[in-house]
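Summary of structural features
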Amino acid sequence: MPSELREALNAVGAQPFIPKIISPVLVEYQRRYAPLCRAIPTQQWDADQYFFNQRTSVPSGGFVPDGGARPVTSSVYAQLNYYMKHIESVGAVTGYAEAVTKAIIQDLRATEIEGAIKGYYWDVETGIAWGNAASTLNQAAPQFDGLDTLVNTFSGGTQNVIDKAGNTLTLAFLDELIDMVESNAAMPVQDDSWMFVTSSTGQSKIAQLLTNQQRFVDQVEVEAGLIVPSYRNVPIVKSSFLQMRGYSLGTVTTSTASYSGATLNATYKYQISPVIARQGEIAPSLEVSQAVTTGNACILSFTPPTGLDGLAPQLYKVWRTAAAGASGSETFLGYVDATVGLQSDGVTQIVTNQIVDTGVALIPQQSSGSVVPTILPTAYIGTNSAMLPPSIGQENIYLISRDPGNVVRPYVREATPVDVYPTTSSPDSLPYALIGDTTFAIRALKFVGRAYRVAVSV
């Protein structure tokens, strides 16, 4: 018998005859914690603005002599509002794909809608942490204000931020937050009507500190099924949107160009930190320096970074020294939109890859033809000389009221699937859209506190 007849047919040779068996278990690779959407009270609101009233002072009074009188006074009231913002996801599967995947995934379109709903809450939570309304107003992706924008007073009688300057987290930091907010709000901070919000790393550091001090950690159910540890009876809620995860912006290059109305005239140093969609702020770029003469603006150019899971920026934060300022003396100059507009299809965003500092405002720009927004910013947005750039390993820890009388997330439509019908140009599509309209409303900034630039390494 020839030797070739005695050779076994191995697995490689038999490959065309081996059936492919696929596990029906779908691995969810992209994951996030998004508890704020559940832990912050919500309220149905059928209007484009969320209006509410504040009483800022009560009638005055004081000591008088027997039979005396004081002037007639009354309370002082103010009406404030937050604008609703819209979040959307659009997708489609083909009828053919729906049919041929039925044995493995059962309903492909429903699975896609379920994934879009998860993404919706990740977008909302990123907005709650990092959104900025003014820099994105009337642009391609308008946002509502988040905690980074709203909680920004570092000193004075209304202070609600403590800059820990990179010091390692201790339990004293949490005590300081409680004392600051309790002093501002004039109410006890001692139960599950409040919450600390931190990253998973921050929560782990707190757990280590409690274990070392042999303290027992009480668990609190802040929402159905959401059971979290606590400190001094205040729940500790972790979010995926407060960690840099080692990401940072790459190289920034500088140049100058003539610009009408420019007011710069010195050497300035800059850093830029992006806010990544569904992640949060990542570490700033390395410091760059540029001399600017009268009548010119400084142009900061960079390649838009990618963060966790390859996602792109939704905002930039720019840090700058004073004129002729020393290296490392940057403070927060302002927020900048990560888009400059939409392409001709009315859908595809044109991303920012340059930021122009005119000395009056920060203008997002696309270097391809110097595309700029239709409506240009006329002033710096969010400038804060007390806010210094963070570094990798430094995070925010927030203390937030959960009382709907203090903090609320109003919504018009909450992650609502909308049927989109096939067209004659794509008759086999099974499209869908997911729509939501919401905002984040802190009724008074006395009800929130922030520990800034906290090192949480474990």
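This structure is a prediction, so every number in the text was calculated from the model and none was measured.

With that settled, the discussion passes to the pattern of salt bridges. Taken as a whole, this structure holds twelve salt bridges when the rule is applied. Measuring nitrogen to oxygen at the nearest pair gives 2.9 Å for the salt bridge that ties D123 to R278. One end of the pair, D123, is in helix α5 (residues 108-130); the other, R278, is in the loop between β11 (266-276) and β12 (280-281), and 155 residues separate them in sequence. For D123, a relative accessible area of 25% corresponds to the partly exposed category. One continuous salt-bridge network, built from bridges that share partners, spans D148, E281, K317 and R450.

A separate point is the side chain of S401. Summarising the element assignment, S401 is placed in strand β21 (residues 394-401). On the basis of relative accessible area, S401 is assigned to the buried category, the value being 1%. A distance of 3.1 Å separates the side chain of S401 from the backbone nitrogen of D403, its partner in a polar contact. Those residues in contact with S401 that lie beyond four places of it in its chain are S193, W194, N406, V407 and F447.

We now examine the sheet that holds strand β8 (residues 226-231). Taking strand neighbours across the sheet as the criterion, the seven strands line up as β5-β26-β21-β6-β9-β8-β7 in an open arrangement whose pairing is mixed. Bordering the open sheet on either side are β5 (161-163) and β7 (219-223), each of which pairs with just one other strand. Going from strand to strand, the sheet's axes swing by 30° on average, the running direction of each strand aside. When strand β6 (residues 194-198) meets β21, the two strands line up antiparallel, connected through four bridges.

The next thing to look at is the side chain of N406. Along the chain, N406 falls in the loop between β21 and β22 (407-411). A residue is classified by how much of its surface remains accessible, and N406, at 7% relative accessible area, is buried. Side chain to side chain, N406 and S401 meet in a polar contact 3.0 Å long. In this structure N406 touches M187, S401, A441, I442, R443, A444 and F447, once residues within four positions along its chain are discounted.

This part covers helix α9 (residues 200-212). The terminal C-alpha atoms of α9 lie 18 Å apart, and with 13 residues this matches the ideal 18 Å at 1.5 Å per residue to within 8%. The complete set of buried residues in α9 reads G202, Q203, K205, I206, L209 and L210. On an axial view of α9, the arc spanned by its buried residues comes to 160°, and they lie on one face. Relative to its buried face, α9 has exposed residues pointing more than 90 degrees away, namely T211 and N212. Those residues of α9 hidden inside the fold are in contact with α8 (171-185), β6, β8, β9 (234-238) and β21.

Moving on, we come to the environment of S367. Following the sequence through the fold, S367 ends up in the loop between β20 (362-365) and β21. Given the relative accessible area of 39%, S367 is considered partly exposed. C-alpha of S367 to C-alpha of Q354: the two residues are 13 residues apart in sequence and 6.5 Å apart in space. For S367, the residues in contact, after removing those within four places along its chain, are N353 and Q354.

About the cut-offs
- Residues numbered from 1 in each chain as written.
- Predicted model: local features only at pLDDT ≥ 70, side-chain atom pairs only at ≥ 80, totals over all residues.
- Heavy atoms only, no water.
- Salt bridge = Lys/Arg side-chain N within 4 Å of Asp/Glu carboxyl O.
- Helix = DSSP H or I, 4+ residues; strand = E, 2+ residues; numbered from the N terminus.
- Buried < 20%, exposed > 50% of the residue type's maximum accessible area, 1.4 Å probe, protein only.
- Polar contact = N/O pair within 3.5 Å; in protein donor to acceptor, adjacent residues only side chain to side chain.
- Contact = heavy atoms within 4.5 Å.
- Pairing = 2+ DSSP bridges.
- Axes fitted to C-alpha atoms, helices over the stretch in contact; angles between N-to-C directions.
- Expected span 1.5 Å × (residues − 1).
- Arc of directions from axis to C-beta.

This is a description of form; function is not addressed.
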